[in-house]
Amino acid sequence: MKSLSFSSRDLICGVLFILVGLFFAIQAYGLELGTAFRMGPGYFPLVLAGMLVLLGIVVIIQGTQVEHEPMGPIAWRGILFILPAPIFFGLTVRGLGFVPSLFLTALLAAFASTKMRPGTALLLVGGLTLFSVIVFSYALGLPFRRFGPWLGQ
């Protein structure tokens, strides 16, 4: 008979999912829940928190059944490029405007991969920016400035 063994990576991830889910479930109880037909402001966060707890349980259970692989090195480059990107966007979108902020944010995030080359990154970021402007500005008509006051617009 085999002894029960856990993948430390899956155990840590599962426990984190459960803890975050429980935290948000407790916070959602502070809001009015309502019913399934008349949802209150706490209903949807509570449902999502419950789903996160269930996902954590599934991850822990799968961690006991799957062949364990050793945890690889931490991708510091990815962390250092991806995490600041949305913060940069949030801090600059009002001043620079949507187009330059999105362009610079996507450019920053593109270099999280060591395989990304500058030419490819510029093409990718330019296409993403153009697509986003077409969708959010023209198709959806969202009221934001494409170029902000920091650029003299």
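Remember, predicted model here, so these are calculated numbers, not experimental data.

A. Focus on helix α1 (residues 8-29). Compared with an ideal rise of 1.5 Å per residue, which puts 22 residues at 32 Å, α1 spans 32 Å between its outermost C-alpha atoms and is within 8% of the ideal. Every buried residue belonging to α1 is among Gly14, Ile18, Gly21, Ala25 and Ala28, and all of these are buried. Axial view of α1: buried residues confined to an arc of 90 degrees, hence all on one face. Those residues of α1 that are exposed and angled more than 90 degrees off the buried face are Leu19 and Ile26. Next to the buried residues of α1 lie α2 (43-65).

B. Fine view of the UniProt feature "transmembrane region" (unreviewed entry) in the chain. Per the UniProt entry, the sites bearing "transmembrane region" (unreviewed entry) are residues 12-31, 43-62, 74-91, 97-114 and 121-141 in this numbering. Counted over residues 12-31, helix gives 90% and strand 0%. Its end C-alpha atoms are 29 Å apart.

C. Structural detail: helix α5 (residues 98-110). In this model, α5 (13 residues) spans 18 Å end to end at C-alpha, consistent with the 18 Å of a helix rising 1.5 Å per residue. All of the buried residues along α5 are Phe98, Val99, Pro100, Ser101, Leu102, Thr105, Ala106, Leu107 and Ala110. On the buried face of α5, the contacting elements are α4 (84-96) and α6 (118-139).

About the thresholds
- Residues numbered from 1 in each chain as written.
- Predicted model: local features only at pLDDT ≥ 70, side-chain atom pairs only at ≥ 80, totals over all residues.
- Heavy atoms only, no water.
- Helix = DSSP H or I, 4+ residues; strand = E, 2+ residues; numbered from the N terminus.
- Expected span 1.5 Å × (residues − 1).
- Buried < 20%, exposed > 50% of the residue type's maximum accessible area, 1.4 Å probe, protein only.
- Arc of directions from axis to C-beta.
- Contact = heavy atoms within 4.5 Å.
- UniProt positions renumbered as here; feature names shortened; annotations may be inferred.

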